[in-house]
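# Chain and residue survey
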Amino acid sequence: MAVIKDPAAAGSSLDPVRARLLAELAEPASATMLAARVGLPRQKVNYHLRALERHGLVELVEERRKGNVTERVLQATAGSYVISPAALAALEPDPAREPDRLSARWLLALAARLVRDVGELLTAAAQARKSLATFAIDGEVRFASAADRAAFAEELADAVTALVAKYHDASAAGGRRHRVLVAVHPAVPTPAPEAGTDEKET
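Presented here is an overview of the structure given in this document. Note that the structure is predicted; figures quoted are calculated from it, not measured.

### Here's the deal with the overall build of the protein chain
Looking only at helices and strands, one finds 6 helices and 5 strands in the protein chain. Helices and strands appear in the protein chain in the N-to-C order β-α-α-β-α-α-β-β-β-α-α. Here the protein chain has a C-alpha radius of gyration of 23 Å; the compact-globule value for 202 residues is 17 Å, and the former is much larger. C-alpha extents for the protein chain along the principal axes are approximately 70 × 60 × 35 Å. Expressed as a percentage of its 202 residues, the buried residues of the protein chain come to 20%. Sequence-distant contacts in the protein chain: of pairs separated by 6 or more residues, those separated by 24 or more amount to 55%. Accessible surface for the protein chain amounts to roughly 15500 Å². Of this, 55% is attributable to carbon and sulfur atoms. For the protein chain, the distance from the average position of its 26 positive side-chain charges to the average position of its 26 negative side-chain charges is 9 Å.

Here is the structure:
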């Protein structure tokens, strides 16, 4: 996974044709091969590939000589991409503007900061060839009522506050600060299967 924070690279990746080419380049391919897959002229594919290569989203992995022509084989530099809010620095959401833990906008601002910060840490760790220590929990709970949801949020806040108080040591020599982010939000409905199709059992 790669995190895009350069505005030009972000714009390039959001182009529908270039996004399709990036997806196709999960495995190495040449412009000729891609042109056949996406139904575009090779020259047009080459134009888009040059833009993606210029922004570091694809890279050359091989050159093949075919008669008088050298065929360039490219591959995406990552299996997936995330665009950091830093790509729109002037419009980047700031959690400090609306510090309300019941606000969906504040939650979104926190999530944006999470993408930005972890993206920068991940890039730095990859360059240093080191691992990045993180931890996350992803789960789902079904509340019987709004009152239960509010009680859950209050107990969760108390538990996290107690844990932070227990382990936080402001005077620890060589200690490293870590950010703790806990979020609760409604689950996005899962699309129903299309008519006439059977769900596969897992």
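### Focus: helix H5 (residues 104–127)
Over its 24 residues, H5 runs 35 Å from end to end, which matches the ideal 34 Å to within 8%, given 1.5 Å per residue. Inspection of H5 places Ala-109, Leu-110, Ala-112, Arg-113, Gly-119 and Ala-125 among the buried residues, and these make up the whole buried set. Buried positions along H5 lie against strand S1 (2–4). Sitting at the head of H5, Ser-103 places a side-chain oxygen 3.2 Å from the backbone nitrogen of Arg-105. Looking one or two residues beyond H5, the residue adopting positive phi is Arg-129, at roughly 55 degrees.

### Focus: the pattern of salt bridges
Scanning the model with the defined rule gives 7 salt bridges in all. Salt-bridge contacts for Arg-116 lead to Glu-92; the nearest nitrogen and oxygen are separated by 2.8 Å. Of this pair, Arg-116 sits in helix H5 while Glu-92 is found in the loop between strand S5 (81–83) and H5, placing the two residues 24 residues apart along the sequence. By relative accessible area, Arg-116 is classed as partly exposed at 23%. Asp-117 is the partner of Arg-116 in a salt bridge, and the nearest nitrogen-oxygen pair spans 2.9 Å. Judged by its relative accessible area of 24%, Asp-117 falls in the partly exposed class. Through salt bridges with shared partners, one network takes in Arg-20, Glu-24 and Arg-37.

### Regarding the environment of Ala-150
Tracing the chain through its elements places Ala-150 in helix H6 (residues 146–167). Along the sequence, Ala-150 and Gly-119 sit 31 residues apart, while their C-alpha atoms lie 32 Å from each other.

### Brief notes about the pairing of strand S4 (residues 69–76)
Taken together, the 2 bridges between strand S2 (residues 29–30) and S4 define a ladder with antiparallel strand orientation. Directly across from Ala-29, in S4, lies its bridge partner Leu-74. Pairing geometry for strand S3 (residues 58–66) and S4, over 8 bridges, is antiparallel. The residue of S4 that forms the bridge with Leu-60 is Leu-74. Connecting S3 to the next strand, S4, in antiparallel fashion are 2 residues, including Gly-67 with a positive phi near 65 degrees.

### Overview of a nonpolar patch on the surface
Judged by side-chain polarity, Leu-114, Val-118 and Leu-181 come together as a nonpolar surface patch covering roughly 220 Å² of accessible area. By secondary structure assignment, the location of Leu-114 is in helix H5. What makes Leu-114 partly exposed here is its relative accessible area of 44%.

### Some words on unusual backbone geometry
The backbone phi angle of Arg-129 is positive, close to 55 degrees, even though this residue is not glycine. By the secondary structure assignment, Arg-129 is in the loop between H5 and H6.

### Thoughts on the nonpolar core
Note that soluble globular proteins tend to have their nonpolar side chains buried in a common cluster. Counting 19 residues, the largest nonpolar core has Leu-21, Leu-25, Leu-34, Val-45, Leu-49 and Leu-52 as the members making the most contacts within it. Counting only elements with at least two residues in this core, the list comes to helix H1 (7–14), helix H2 (16–24), helix H3 (31–38), helix H4 (42–54) and S4. The element that contributes the greatest number of residues to this core is H3, accounting for 4 residues. With residues up to four places along the chain from it excluded, the contact list for Leu-52 reads Ser-12, Arg-18, Leu-21, Leu-22, Leu-57 and Val-58.

Rules used throughout
- Residues numbered from 1 in each chain as written.
- Predicted model: local features only at pLDDT ≥ 70, side-chain atom pairs only at ≥ 80, totals over all residues.
- Heavy atoms only, no water.
- Helix = DSSP H or I, 4+ residues; strand = E, 2+ residues; numbered from the N terminus.
- Rg over C-alpha atoms; globule rule 2.2 N^0.38 Å.
- Buried < 20%, exposed > 50% of the residue type's maximum accessible area, 1.4 Å probe, protein only.
- Contact = heavy atoms within 4.5 Å.
- Areas by Shrake-Rupley, 256 points an atom, 1.4 Å probe, with all protein chains shown as cover.
- Lys, Arg positive; Asp, Glu negative; His and termini not counted.
- Charge placed at Lys NZ, Arg CZ, Asp CG, Glu CD.
- Expected span 1.5 Å × (residues − 1).
- Polar contact = N/O pair within 3.5 Å; in protein donor to acceptor, adjacent residues only side chain to side chain.
- Salt bridge = Lys/Arg side-chain N within 4 Å of Asp/Glu carboxyl O.
- Pairing = 2+ DSSP bridges.
- Patch = residues over 30% accessible without salt bridge, like charges linked within 9 Å, V, L, I, M, F, W, Y side chains within 5 Å.
- Core = buried A, V, L, I, M, F, W, Y, C linked by side-chain atoms within 4.5 Å.

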